[in-house]
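Per-entry structural report
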Amino acid sequence: MNRRDRNDDVTRDPRVEAELAALEAVLAGDPPTGELEAELAALVREVREETPSMPLALRERLDRSVADGFAARRRRVRLPKLTLGRMLPVLGGLAAVLIAVVVAAGQLSGGGSDSSKIDVFSQNSASPSESAAGGSASIATDEGPPELQKRPGPGAASDSAAATATPSAKVPQGSSGGTIEPYSASPSAKTQSLAQPRKVERAVDLSLRVGPGKLQDASDGVVRVTQGVGGYVQDSQVSAQGSTGSADFTLRVPTAKLDEAIAKLSKLGHVSTLNQSSKDITASFTSVGEKLSDARAERKALVSALGKAQTSGEIASLRERIRANRSELAALKGQLNRLRGKADQATILVTVESQRGVVTPGATGGWTPGDAARDALRVLEVAAGVVIVAAAALVPLGIVVLLAVLIGRSTRRRRREHALDTA
Amino acid sequence: MSETLTMAFAPSHTATFEFEALYRSCADELYGYVVSLVRDRAAAEDVTALAFERAYRRRRRFDPRKGTPRQWLYAIARNAALDELRRRKRTESLLVDPADPDVAEPFAGEDDDADRRATVRAALAGLEPRDRELISLKFHAGLTNAEIAGVLGVSESNAGTRVHRAVTKLREACS
């Protein structure tokens, strides 16, 4: 609209108004009441006489087209109209997929309240305590438990030999619990060389997370599992504050039942860390055993010599040596028993932490209404996040598209008007 | 007539209207309007047919709150005619059509009536396209100023002023 048009909007000459009123009266068929009306009536009649009439062929063609709904002229393959009702299931499905993806991503990244950064099977040469403290030599969750090594002989063995790991435990992706499947040892873990049985000291550092109020249940479960596999609780310390707290256990279980114990303990809560170490003590065991055999042989020789001694000096000297030999035998037996105990009894350091926002698996209780409310809140949070992210992406895009449409319409209108000006 | 057609359109702005009634009432006038725009009867036939087809296809999108069915139909026809003019302008360097003698050239009559018709025809031909369009919308189609405003996309007051200006030019050319 140019400036003249805008002026036309606000001011109009009374004479113009009168002539327009006369024109409207003439067009309405009113009889002329003055010279102006008569002139306009004649003009209208003459102009209408110049109106070209629609050709008969066009009239007939249009009649047919209107009668059959213009079907014959253009048959298009029309896509179904996208209404909100039809789009709703699709949009709902897309939203569900988006939420599932976000939830899964949250679980994998450990950002969720009920998720855990799960499971590190650690295998290193450090002692159990060092392993628990450091945990630097850890491998991923899907790495399996360490496999006991087979070494060619005691001479080649090292007391601090590290075991290799084989995959056996897997983390269910996207599971709300974030638990690992029960630990199961590979067959090779239980297989030792028949020719040269290995003596391996094993230790495990296991950290569990349970929901609030579940600490006592989990602690009881630890004791129950330990006793169930024939072990005992060497040390325990429970610290509780309200519905949260922590408990530390030092367990001793038969090495043969270690895998079973870990598998059962893992079910008591969410496994946040699981470090396992092994130490080959075959060389020490063999060395002490050989020393013990030597000492026994020496004692046998000393006793034989004592029986053949004739002088009091020889007898006193031999008795002194036998006494020393007896002490050496006792010490060696003690060493051997300790080594045997290390090999036969594995140590498990269990830490149980009770935290808010952790949903404990079925072993320690059911899914409570509070858990359901927390999960619902979490779902709402994720849904809101999805909406915000989608809006952040779609709103600018929508604005750009809207601007493009408006500009396109304006341009097309301007070009059409220009076409009329230059016609 | 327009009121009758408006009533034929259901109250809901998405309702189906009586398209055939609209066609019967407007076909001749619409054709004359298109001829006044494109100045070519053959092209006007195609444009008229296209306008009715477009209107039929879009009949469910008609919104009575935005104007009468006639106004809506003429706006469709106007856009189709202007598109035809644009298309013709793009190809005119390749193909120059001779002017339609029935439309462009004044009729050389022998009596006074024939002279008068020739004068009116020449006056119409001499008008600017926009003024000729307004005369057609007002005299041929019989649209109200409000409907003309809706077709042209201007205010009703502005449409009235434009109509007056075009009629004045025509009267001067015919005098």
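Up top is the structure these notes are about.
Described in the following lines is the structure provided in the data block. All of these numbers come straight from a predicted model, not from anything done at the bench.

**Comments concerning the interface of chain A and chain B**
- Listed per partner, the contact involves 48 residues of chain A and 55 residues of chain B.
- In total, chain A and chain B occlude about 5000 Å² of area from one another, counting both sides; carbon and sulfur atoms represent 55% of this.
- Its largest share of buried area at the contact with chain B, chain A owes to Glu50, Arg416 and Leu420 of chain A, together 14% of the area lost on that side.
- Seen at the junction of chain A and chain B, the total is ten salt bridges.
- For Arg121 of chain B, the salt bridge goes to Glu50 of chain A, with nearest N and O atoms at 2.6 Å.
- Taken together, the links from chain A to chain B amount to 16 residue pairs in polar contact (both at pLDDT 80 or more).
- Those elements giving two or more residues to the side of chain A that touches chain B turn out to be helix H1 (3-10), helix H2 (14-27), helix H3 (35-49), helix H4 (56-67) and helix H11 (369-421) of chain A.
- Here the element with the most residues in the side of chain A that touches chain B is H3 of chain A; it accounts for nine residues.
- Residue composition of the side of chain A that touches chain B, by class: 20 nonpolar, five polar and 23 charged.

**Let's talk about the packing of aromatic side chains**
- Enumeration according to the criterion identifies seven aromatic pairs over all chains in this entry.
- Ring geometry for Phe19 of chain B and Phe52 of chain B: centres 6.4 Å apart, planes at 85 degrees, overall edge-to-face. Of this pair, Phe19 of chain B sits in helix H2 (residues 19-38) while Phe52 of chain B sits in helix H3 (residues 41-57), and the two are 33 residues apart along the sequence. Exposure class is identical for Phe19 of chain B and Phe52 of chain B. Each is buried.
- With a centroid separation of 5.2 Å and 75 degrees between ring planes, the pair formed by Phe19 of chain B and Tyr56 of chain B is classed as edge-to-face. With a gap of 37 residues between them, Phe19 of chain B in helix H2 and Tyr56 of chain B in helix H3 connect regions that are remote in the sequence.
- Grouped by ring-pair contacts, the aromatic residues Phe70 of chain A together with Phe19, Tyr23, Phe52 and Tyr56 of chain B constitute a single cluster.

**Thoughts on the environment of Asn275 of chain A**
- Inspection of the secondary structure puts Asn275 of chain A in strand S8 (residues 270-280).
- By relative accessible area, which is 6% here, Asn275 of chain A ends up buried.

**Notes on a negative patch on the surface**
- A cluster of acidic residues, Glu49 of chain A together with Asp112, Asp113 and Asp115 of chain B, forms a negative patch on the protein surface.
- Counting residues per element, the negative patch draws most heavily on helix H6 (residues 112-126) of chain B, at three residues.
- Mapped onto the secondary structure, Asp113 of chain B falls in helix H6.

About the criteria used
- One numbering rule holds for all chains: residues counted from 1, following each sequence as written.
- To label them, take the chains in the order written and letter them from A, then take the ligands in the order written and number them from 1.
- Reporting of local features is limited, given that this is a predicted model, to residues whose pLDDT is at least 70; pairs of side-chain atoms are given and counted only at 80 or more, and all residues count toward the totals for whole chains, interfaces and linings.
- Side-chain figures throughout are based on the complete set of non-hydrogen atoms in the structure, without hydrogens or water.
- Note on contacts: a residue pair qualifies if any of its non-hydrogen atoms lie within 4.5 Å across the two residues.
- Throughout, the accessible surface (probe 1.4 Å) given up by two parts as they are put together, summed over both, is called the buried area.
- Throughout this description, the term salt bridge denotes a Lys or Arg side-chain nitrogen within 4 Å of a carboxyl oxygen of Asp or Glu.
- N or O atoms closer than or at 3.5 Å make up a polar contact, with two conditions inside protein: a donor-capable atom paired with an acceptor-capable one, and, for residues adjacent in sequence, both atoms drawn from side chains.
- By the criteria applied, helices consist of DSSP H or I runs no shorter than four residues and strands consist of E runs no shorter than two, each listed in order from the N terminus.
- Residues are grouped as follows: Ala, Val, Leu, Ile, Met, Phe, Trp, Tyr, Cys and Pro are nonpolar; Asp, Glu, Lys and Arg are charged; all remaining types, including Gly, are polar.
- Stacked, edge-to-face and tilted are the three classes for Phe, Tyr and Trp ring pairs, Trp counted by its six-membered ring, which pair at centre distances within 6.5 Å; planes under 30 degrees apart are stacked, over 60 edge-to-face, the rest tilted.
- Only protein chains enter the accessibility calculation, which uses a 1.4 Å probe. A residue is then buried if its area is under 20% of the maximum for its type, exposed if over 50%, and partly exposed in between.
- Here the term patch refers to residues with relative accessible area over 30% and no salt bridge, with like charges joined within 9 Å and nonpolar side chains (Val, Leu, Ile, Met, Phe, Trp, Tyr) within 5 Å.
- In these tables, accessible area is a Shrake-Rupley quantity obtained with a 1.4 Å probe, and a residue counts as shielded only by the protein chains included in the view.
- When charges are counted, Lys and Arg are positive and Asp and Glu negative, with His and the chain ends excluded.
- By convention, charge coordinates are those of NZ in Lys, CZ in Arg, CG in Asp, or CD in Glu.

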